[in-house]
Amino acid sequence: MDKTKKKELLMQWKTRHPEMGVISMQCKATGEIFADISKDLQRAFNSHRFRLSAALHSSRRLQELWNEHGEEGFEYKVESTLKYDNQDEDQSAKLTAMLDSFLLEHPHAVKLAR
């Protein structure tokens, strides 16, 4: 890859505007819901799937369900997205508020620990 192409790709990466918000993973067999927030929704799903597949997830219950039912045993959803203009601003408080709101609406859902 030439230097110009590298610089172009790096600039695209730095200026991208990833989706932020609340995600959930629901076990189809039990109905249990696990919720999390992320500053990059696609990366969050990939991260959870990777850790679960490697049996390294921090949520013991989610890992047990994954081991029993596998990836196809879960439904993945983006519950809500955060609209924002400046990606350099810290959006943590807004994301946490969105997750708290989701958990109030779904009292049986479990917040994934960070």
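Sequence order sets the numbering: in each chain, residues are counted from 1 along the sequence as written. Local features are withheld for residues below a pLDDT of 70 in this predicted model, meaning they are given only at 70 or higher, and side-chain atom pairs are given and counted only at 80 or more; totals for whole chains, interfaces and linings count all residues. Excluding hydrogens and water, the side-chain values take into account all heavy atoms of the structure.

**Student:** Please explain the packing of aromatic side chains as it appears in this structure.
**Tutor:** Any pair of aromatic rings gets described here by the distance separating the centres and the angle formed by the planes. Here a Phe, Tyr or Trp ring, Trp counted by its six-membered ring, pairs with any other such ring whose centre lies within 6.5 Å, and the pair is stacked when the planes are under 30 degrees apart, edge-to-face when over 60, and tilted otherwise. According to the stated counting rule, one finds two aromatic pairs in the structure shown. Centroid distance Phe45 to Tyr76: 6.0 Å. Interplanar angle 85°. Geometry classified as edge-to-face. Linking Phe45 in helix H2 (residues 41-53) with Tyr76 in strand E3 (residues 74-82), this pair joins segments that are 31 residues apart in sequence. Judged by relative accessible area, Phe45 falls into the buried class, the value being 7%. In this scheme, a residue with accessible area under 20% of its type's maximum is buried, one over 50% is exposed, and one in between is partly exposed, where area comes from a 1.4 Å probe on protein chains only. Judged by relative accessible area, Tyr76 falls into the partly exposed class, the value being 23%. Cation over ring: Arg49 sits above Tyr76, and NZ or CZ is 4.6 Å from the ring centre. The helix count covers DSSP runs of H or I at least four residues long, the strand count covers runs of E at least two residues long, and both are numbered beginning at the N terminus. Counted as over-ring charges are cases with an Arg CZ or a Lys NZ within 6 Å of the ring centre that also lie within 35 degrees of the ring normal.

**Student:** What exactly am I supposed to notice about the pattern of salt bridges here?
**Tutor:** When their charged atoms lie close together, side chains carrying opposite charge are able to pair. Salt bridge, as applied in this entry: a Lys or Arg side-chain nitrogen positioned within 4 Å of an Asp or Glu carboxyl oxygen. What the rule picks out here adds up to five salt bridges. Ionic pairing is found between Arg61 and Glu32, a salt bridge with its closest N-O pair at 2.7 Å. Note that Arg61 is positioned in helix H3 (residues 60-69) and Glu32 in the loop between strand E1 (20-27) and strand E2 (33-38), a separation of 29 residues in sequence. We classify Arg61 as partly exposed; its relative accessible area is 37%. Under the relative-accessibility criterion, Glu32 is labelled partly exposed at 23%. Linked through salt bridges whose partners overlap, the residues forming this network are Glu32, Arg61 and Glu64.

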